[in-house]
Amino acid sequence: AKMARTTNRRERGVAEALGGSVCVSTVARTSVMVFHRLLVLDSKWARGVGVAGRYLRVLVYNPKDDGATRRSEGDGVDRVIIGDAPLTIDAVVAVARGRATVVIGEAACERINRAHQVIVDLIARGDVVYGVTTGFGQLATKRISLDKVRELQENLVRSHAVGVGEPLAREVVRAAMVVRLNTMARGHSGVRLVAAELLAAMLNADLVPWVPSRGSLGASGDLAPSAHLVLAMMGEGELLSEDGRRE
C-alpha cells in the first residue's frame with residue numbers, strides 16, 4: 001500500500017507539471033504485459049527499426065557522462081539518460097514537452113539483453129511460458145506452437161487497440177513513452193533491446209502515436225492505450241501530428 005501511495009503521488013506530480021492533465025496517471029502506467037508480449041516479433045521489429053534507421057539515430061550512453069540528466073546553460077534538462085538513475089518528474093516533463101532527448105544507458109542495455117535471454121532460454125527448453133507459448137486468461141491452458149507465437153503477440157496488440165474518443169495530447173503520450181522506456185530499462189520485462197531502441201528513436205524524432213483517450217479495461221485500464229502506442233511501433237497504427245491530425 002505504501003508503494004502504491006508513492007506511485008500515485010509521483011503520477012499526480014507529473015500530471016500537475018504537465019498542466020493538471022487527469023489522463024497522464026492512467027497512461028503513464030503503460031502495461032509491462034503488452035510490451036512483454038512483443039519480444040517474439042523479430043521480423044516486424046526488424047522492419048520497423050530498418051525504416052526508422054534511415055533517418056533516426058538512437059543514442060546509447062557514453063560512459064564519460066556522469067549523470068542521469070544533462071542540463072543546458074539554462075535551467076532545463078536537455079538530455080535524459082534512461083536506466084542509470086531514477087527517472088525524475090522534471091525529466092519526464094522535459095521529454096514530454098520535447099525539450100530533452102533520451103539516451104539508453106549502457107548498463108540498461110545489458111539488463112534488457114540479460115532479461116530477454118531468460119525468455120529465449122525458456123522457449124529453447126520447451127518450457128511453458130504464460131502469454132508467450134500459451135493463450136491468455138481462460139485460454140492459459142492452451143499451448144501455442146512455436147510457429148504461431150509471433151502471430152499470437154501481434155493479435156494481442158491488435159485486439160486491445162480498441163480505444164475511442166479524442167486523442168490524448170502529444171505531451172501525455174510522450175510522457176507515457178518515456179515512462180515505459182524507463183520500465184524496460186530495469187531489465188525485468190524480457191522485452192528485446194530493439195523494442196527499447198525503437199521507442200527511444202521515436203521519442204527523439206518526435207513520432208508520437210495516436211492514442212484515444214477512452215478505453216479502460218477495468219483493473220488493466222492501460223492496456224488499450226498501450227496497444228495503440230505499440231500498434232504504431234509495429235507500423236500498423238497511426239501518428240498524431242503537431243496540428244492534431246491522424247497520420
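Residues numbered from 1 in each chain as written. Predicted model: local features only at pLDDT ≥ 70, side-chain atom pairs only at ≥ 80, totals over all residues. Heavy atoms only, no water.

Participant: Help me understand the overall build of the protein chain in this model?
Facilitator: Counting secondary structure elements, the protein chain contains 10 helices and 5 strands. Going through the 247 residues of the protein chain one by one, you find that 47% of them count as buried. Considering only intrachain contacts with a sequence separation of at least 6, the fraction spanning at least 24 residues in the protein chain is 67%. Total accessible area on the protein chain is roughly 12400 Å²; 52% of this is exposed by carbon and sulfur atoms. (Helix = DSSP H or I, 4+ residues; strand = E, 2+ residues; numbered from the N terminus. Buried < 20%, exposed > 50% of the residue type's maximum accessible area, 1.4 Å probe, protein only. Contact = heavy atoms within 4.5 Å. Areas by Shrake-Rupley, 256 points an atom, 1.4 Å probe, with all protein chains shown as cover.)

Participant: Teacher, can you tell me more about helix H7 (residues 149–160) here?
Facilitator: Given 3.6 residues to a turn, an α-helix orients residues that are three or four positions apart in the same direction. The terminal C-alpha atoms of H7 lie 17 Å apart, and with 12 residues this matches the ideal 16 Å at 1.5 Å per residue to within 8%. Listed as buried for H7 are Val 149, Leu 152, Gln 153, Glu 154, Leu 156 and Val 157. (Expected span 1.5 Å × (residues − 1).)

Participant: Even after reading the chapter, I still don't get the confidence of the model for the protein chain, so can you show me in this structure?
Facilitator: The predicted coordinates ought not to be read in detail in places where the model reports low pLDDT. For the protein chain, per-residue confidence averages 76 on the pLDDT scale, and residues scoring 70 or more make up 67% of the total. Per-residue pLDDT, averaged within each element of the protein chain, yields its smallest value for helix H2 (residues 24–27) (29) and its largest for helix H9 (residues 193–204) (97). Scored below 50 in pLDDT, residues 1–8 makes 0 contacts in the model with residues more than four places away or belonging to other chains. (pLDDT = per-residue confidence, 0-100.)

Participant: Help me out: how do you make sense of the side chain of Arg 170 in this one?
Facilitator: With respect to the helices and strands, the residue Arg 170 is situated in helix H8 (residues 170–185). Sequence-distant contacts of Arg 170, that is, excluding residues within four places in its chain, are made with Asp 206, Val 208, Leu 240, Ser 241 and Glu 242.

Participant: How should I be thinking about unusual backbone geometry in this particular structure?
Facilitator: Glycine aside, negative phi is the norm for most residues, and most peptide bonds take the trans geometry. Within the chain, Asp 206 stands out as a residue other than glycine whose phi angle is a positive 60°. Structurally, Asp 206 can be placed in the loop between H9 and strand E5 (212–214). For Asp 206, a relative accessible area of 29% puts it in the partly exposed group.

Participant: Help me understand the packing of aromatic side chains, please; the structure alone is not making it clear to me.
Facilitator: Think of a pair of aromatic rings as described by two things: how far the centres are apart, and how the planes are tilted against each other in angle. Overall, the coordinates contain 1 aromatic pair when judged by the stated rule. Between Tyr 130 and Phe 136, the aromatic rings sit 6.2 Å apart at their centres with planes inclined by 90°, giving edge-to-face as the arrangement. Its relative accessible area of 21% is what places Phe 136 among the partly exposed residues. Across from the ring centre of Trp 210, 3.6 Å away, lies the NZ or CZ of Arg 246, which sits over that ring. (Phe/Tyr/Trp six-rings, centres within 6.5 Å; stacked < 30°, edge-to-face > 60°. Lys NZ or Arg CZ within 6 Å of the ring centre and 35° of its normal.)

Participant: Looking at this model, I keep getting lost on the pattern of salt bridges. Mind explaining?
Facilitator: Two side chains of opposite charge can pair, provided their charged atoms sit close to one another. This structure, assessed with the given rule, holds 10 salt bridges. Between Arg 97 and Glu 171 there is a salt bridge, with its nearest N and O atoms 3.5 Å apart. Note that Arg 97 is positioned in the loop between helix H5 (89–96) and strand E3 (101–104) and Glu 171 in helix H8, a separation of 74 residues in sequence. Look at Arg 97 and you get partly exposed, because its relative accessible area is 37%. Close ionic contact of Arg 170 with Asp 206 constitutes a salt bridge, the shortest N to O distance being 2.5 Å. Here the residue Arg 170 occupies a position in helix H8, and Asp 206 occupies one in the loop between H9 and E5, the gap between them amounting to 36 residues. (Salt bridge = Lys/Arg side-chain N within 4 Å of Asp/Glu carboxyl O.)

Participant: Please clarify how the packing of H5 against H8 should be interpreted in this entry.
Facilitator: Two quantities define a packed helix pair, namely the angle between the helix axes and the distance between the axes. In the contact formed by H5 and H8, the axes pass within 8 Å of each other and the chain directions differ by 125°. Classified by the angle between their axes, H5 and H8 sit oblique to one another. Where H5 crosses over H8, the two elements pack in a sense that is right-handed. Of the residues in H8, those in contact with Val 92, Val 95 and Ala 96 of H5 are Glu 171, Arg 174, Ala 175, Val 178 and Val 179. Broken down by class, the residue content of the contact of H5 with H8 amounts to 6 nonpolar, no polar and 2 charged. (Axes fitted to C-alpha atoms, helices over the stretch in contact; angles between N-to-C directions. Parallel < 35°, antiparallel > 145°, perpendicular 65-115°, else oblique. Left-handed = near helix turned anticlockwise from the far one by under 90°. Nonpolar A, V, L, I, M, F, W, Y, C, P; charged D, E, K, R; others polar.)

Participant: Sorry if this is basic, but what is going on with the packing of H7 against helix H10 (residues 223–233) here?
Facilitator: Where H7 meets H10, the axes come as close as 7 Å, and the angle between the chain directions of the two elements is 120°. As the angle between them shows, H7 and H10 are arranged oblique. Here H7 runs over H10; the crossing is left-handed. Across from Val 157, Arg 158 and His 160 in H7, the residues of H10 making contact are Leu 223, Ala 224, Ala 227, Val 230 and Leu 231. The residue makeup of the contact of H7 with H10, split by class, is 6 nonpolar, 1 polar and 1 charged.

Participant: Help me understand the nonpolar core, please; the structure alone is not making it clear to me.
Facilitator: Burial of nonpolar side chains together is a common tendency in soluble globular proteins. Within the largest apolar cluster, 37 residues are counted, with the highest numbers of intra-cluster contacts made by Val 102, Val 178 and Leu 181. Elements represented by at least two residues in this core include exactly strand E2 (77–82), H5, E3, helix H6 (106–124), H8, H9 and H10. Examining the composition of this core, we find that 9 residues originate from one element, H8, more than from any other. In this structure, Val 157, Ala 227, Val 230 and Met 234 belong to the second largest nonpolar core, which totals 6 residues. (Core = buried A, V, L, I, M, F, W, Y, C linked by side-chain atoms within 4.5 Å.)

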